[in-house]
Amino acid sequence: MKESMKVFMQGFLKDVAEEGRTREEKSVLNTIPVTEKSYDELTESERETVIQKLLSERQYYVKDGVHIAYGREKSLQQAVFLEEFNDCKVLVSLGFEVYLLPNGCAAKDGQFKEFADAVVDGRLLELKNIETEKMIGKRFGEARHQGQDVYISIKTDVGIKTALREVFKKIGNIKKNGNQKDLSGRLFLHFETQQKTYMYTIDKYGAVKERPL
């Protein structure tokens, strides 16, 4: 078989193999293992070590004030990357130092879990973009397993009281289920239609308090 035909067939077979994969499985193919443990399984010192390694051992370029890991853009769909990049630009405009990390995962024994998207002022942060108010609590809950802090960009015309109600409901469910002992972290709520951003701190027991930006 000619070399050109070999290359064509390899690409064709790869496309066929990926045809039946879910979006999550396809995403894993483009991730790099960051750690064996998921975020909420790491101790405080282990988290600090992971952050140091991600910032010191990976290369970044700067665009509009955002430090972007080489390979991040190619590992994601263009629309997804642009959403993340725009989220990070908002944080930079508010005075935060932002590193958009390599597309990473926690990998152990063939099991993969998504890892945080960014490091913001030295803390792991997960970015979420949502279209409906019903997804606010769900995405917040997912993000809590990926990073200490959460940034939610809300595309639909939802008010701050409605968004917080959904977050409070999810915090209540997390406490009831007992699957997270320490709920401390920061929450950023960005409202696309209003171009407003709010920041909240959450203590270990789940109490939420607004902080000035």
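Quick summary incoming for the structure in this document. Please read these numbers as outputs of a predicted model, since none were measured by experiment. (Residues numbered from 1 in each chain as written. Predicted model: local features only at pLDDT ≥ 70, side-chain atom pairs only at ≥ 80, totals over all residues. Heavy atoms only, no water.)

### Considering the overall build of the chain
We apply this condition: Put simply, DSSP H or I for four residues or longer makes a helix, DSSP E for two residues or longer makes a strand, and each gets a number counted from the N terminus. Whether a residue is buried, partly exposed or exposed follows from its accessible area with a 1.4 Å probe, protein chains only, as a fraction of its type maximum: under 20%, in between, or over 50%, in that order. By definition, residues are in contact when any of their heavy atoms lie within 4.5 Å.
Counting its regular elements, the chain contains 6 helices and 12 strands. By the burial criterion, 39% of the 213 residues in the chain qualify as buried. Residue pairs in contact within the chain that sit at least 24 positions apart in sequence constitute 57% of those at least 6 positions apart.

### Let's talk about the side chain of Asp 87
In this fold, Asp 87 is placed in helix H4 (residues 78–93). Residue contacts for Asp 87: discarding those within four places in its chain leaves Leu 127, Asn 129, Tyr 151 and Ser 153.

### Regarding the packing of helix H5 (residues 134–143) against helix H6 (residues 160–177)
To keep things clear, this is the line we draw: Lines are fitted to the C-alpha atoms to define the axes, a helix being fitted only along its stretch in contact, and any angle between axes, read from their N-to-C directions, falls within 0 to 180 degrees. Angles below 35 degrees are treated as roughly parallel, those above 145 as roughly antiparallel, those between 65 and 115 as roughly perpendicular, and all remaining angles as oblique. Put simply, a crossing is left-handed when the front helix is turned counterclockwise from the back one by less than a right angle, and right-handed when it is turned clockwise. The nonpolar class holds Ala, Val, Leu, Ile, Met, Phe, Trp, Tyr, Cys and Pro. Asp, Glu, Lys and Arg form the charged class, and all remaining residues, Gly among them, are polar.
Axis separation between H5 and H6 bottoms out at 8 Å; the angle between their running directions is 50°. With respect to each other, H5 and H6 are oriented oblique. Here H5 and H6 pass one another in a crossing that is right-handed. Where H5 approaches H6, its residues Ile 136, Gly 137, Phe 140 and Gly 141 are matched on the opposing element by Ala 163, Glu 166, Val 167, Lys 170 and Ile 171. Grouping the constituent residues of the contact of H5 with H6 by class yields 5 nonpolar, 2 polar and 2 charged.

### A few points about the nonpolar core
Note the following rule: To qualify as a nonpolar core, a set must consist of buried Ala, Val, Leu, Ile, Met, Phe, Trp, Tyr and Cys residues joined through side-chain atoms within 4.5 Å.
Judged by nonpolar contacts, the single largest core of 19 residues is most densely connected at Ile 136, Phe 140, Ile 152, Ile 154, Ala 163, Leu 187 and Leu 189. At 5 residues, the largest contribution of residues to this core is made by H6. Discounting chain neighbours no more than four positions away, the residues touching Ile 154 are Ile 130, Ile 136, Ala 163, Leu 189, His 190, Phe 191 and Glu 192. Judged by nonpolar contacts, the second largest core, of 18 residues, contains Phe 81, Leu 127, Tyr 151 and Phe 188.

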